[in-house]
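# Breakdown of the fold
Read off the chains here:
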Amino acid sequence: MLPGIRIIATGGCLPEKVVTNDDLSKIVDTSDEWITKRTGIHERRRCVTETHLDLAAAAARQALERAGIDRAQLGVCLVTTVAGDTITPSTACMLQKVLDLPEDAACFDLNAACAGFPYGLRVTEGLLTEDRPYGLIVSCEVLTRLTDYTDRSTCVLFGDGAGAVVVQQSPDAPEICAVLGSRGDNQALYIDGAPGAGAPYIHMQGQPVFRFAVDAMPRCSLAVLEKAGVTMDRVDWVVMHQANERIIDHVIRKMELPPEKVYKNIARYGNMSSACIPVALNELYEAGRLRSGMKVLCVGFGGGLTWGGCLIEIGGIS
């Protein structure tokens, strides 16, 4: 059996500008009551002067400083994102430069949409070695640049942010037992990208995505627990993708989860795609609620349609 990984440090970065529901009501036919009732979102962050790389670098730098590792032992720098500042070079390659990471570390971006963080953990787990046991995973999204602010059904949902973790491979670390999947669908949730296809905006059909989410997240979560051979009472935190509070609450009821184990921050940040889960982990750390030995079930879903979940242990955090 291959060695597993533990999260040993977290980091995060959010843009300064806060966009409230009342702010959005001034540019599109909506209201705070309408948005809150349907999504649970009160506000979100939006980049004005910050770039994608700015957010990613700040979150990564904080995680690396907290980890206190020898960067020469870093084997992987992986960024999960749907859209960096450039198609190429990747954000991960630019992080190698600005953070002075080893040139022989694997640096690349991964696009699994909102399920990117569990995907990134699994890929990193497979790439680390005894000589290079540390990996940096940064989930960074600037979704407001891909948002159509004339479409009230989508523009109220999305925000910008970045979260990062440093993981360590160890012979005694448990496998993260990742369960990953996809169901090819270019209609329910997509972003234009091909030349000549029009503005690169997020397009979403709400009801099909809702139905997919409330099926995929419980199914994926149970599959992870079965693979790990543990029951929910052994899990300290459940951190889901923060797409819609109604989706999270539906999953809580369907799985009969203890609500106090399920972390939510959607009211403050909205949907930050793959950044949702690591931003939540960083908030838990900064609040003193994430400690060594804890087990965290991370599960997400997104465009593709993708889903992914894993059970990861916390180590090195007191």
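Before reading on, note that the structure itself is shown above.
Definitions and cut-offs
Residues numbered from 1 in each chain as written. Predicted model: local features only at pLDDT ≥ 70, side-chain atom pairs only at ≥ 80, totals over all residues. Heavy atoms only, no water. Helix = DSSP H or I, 4+ residues; strand = E, 2+ residues; numbered from the N terminus. Rg over C-alpha atoms; globule rule 2.2 N^0.38 Å. Buried < 20%, exposed > 50% of the residue type's maximum accessible area, 1.4 Å probe, protein only. Contact = heavy atoms within 4.5 Å. Areas by Shrake-Rupley, 256 points an atom, 1.4 Å probe, with all protein chains shown as cover. Lys, Arg positive; Asp, Glu negative; His and termini not counted. Charge placed at Lys NZ, Arg CZ, Asp CG, Glu CD. Pairing = 2+ DSSP bridges. Right-handed = clockwise from strand over helix to strand, strands pointing away. 1 Å grid on protein atoms, 1.4 Å probe; cavity = no way out; pocket = protein on both sides within 12 Å on 5 of 7 lines; lining within 4 Å. Points joined across faces, edges and corners; volume = space filled by probe spheres on them. Nonpolar A, V, L, I, M, F, W, Y, C, P; charged D, E, K, R; others polar. Core = buried A, V, L, I, M, F, W, Y, C linked by side-chain atoms within 4.5 Å.

### Brief notes about the overall build of the protein chain
Broken down by element type, the protein chain carries 10 helices and 14 strands. Against the 2.2 N^0.38 benchmark of 20 Å for 318 residues, the protein chain shows a C-alpha radius of gyration of 18 Å, consistent with a compact globule. Looking at the 318 residues of the protein chain, the share that counts as buried comes to 57%. At a minimum sequence separation of 6, the contacts of the protein chain that also span at least 24 residues come to 77%. For the protein chain, the computed accessible surface area is about 13200 Å², with 49% contributed by carbon and sulfur atoms. Looking at the protein chain, you have 30 positive and 38 negative side-chain charges, and the mean spots of the two groups are 5 Å apart.

### Remarks on the pairing of strand E4 (residues 74-80)
Within E4, 7 of the 7 residues are buried, which leaves it mostly tucked inside the rest of the structure. Of the pairings in the sheet, the one linking E4 to strand E6 (residues 134-142) comprises 6 bridges and is parallel in character. Bridge pairing in E6 places Cys77 opposite Leu136. Of the strand pairs in this sheet, E4 and strand E5 (residues 106-110) are connected by 5 bridges, and their pairing is parallel. In the strand pairing of E5, Thr80 is matched with Leu110. This β-α-β element, E4 to helix H4 (residues 91-98) to E5, shows right-handed connectivity.

### Side note on the layout of surface pockets
Reported here for the largest pocket is a volume of approximately 1100 Å³. Looking at the lining of the largest pocket, the elements that each hand over two or more residues are helix H2 (32-39), strand E9 (189-191), strand E10 (202-204), helix H7 (206-228), helix H8 (245-255), strand E13 (295-302) and strand E14 (304-314). The residue inventory of the lining of the largest pocket, partitioned by class, reads 23 nonpolar, 19 polar and 6 charged.

### Quick notes on empty space enclosed by the protein
Enumeration over the complete set of coordinates arrives at 1 cavity of 30 Å³ or more. Its boundaries defined by the atoms lining it, the largest cavity holds a volume of some 30 Å³. What lines the largest cavity is simply Val19, Leu24, Arg44, Arg46, Thr144, Tyr149, Cys155 and Phe158.

### Considerations on the nonpolar core
Residues Met232, Met240, Ile247 and Phe301 are the most contacted members of the largest nonpolar core, which totals 46 residues. If one sorts the elements of this core by residue count, H7 sits on top with 10 residues. What Met232 contacts, discounting residues up to four positions off in sequence, is Leu225, Val238, Met255, Leu257, Lys261 and Leu297.

### Quick look at the pairing of E13
Most of E13 is tucked away, with 8 of its 8 residues classed as buried. Relative to E14, E13 runs antiparallel, the two sharing 8 bridges. Pairing of Gly302 across the sheet is with Thr306, part of E14. Remark: 1 residue form the turn of the hairpin made by E13 and E14, two consecutive strands paired antiparallel.

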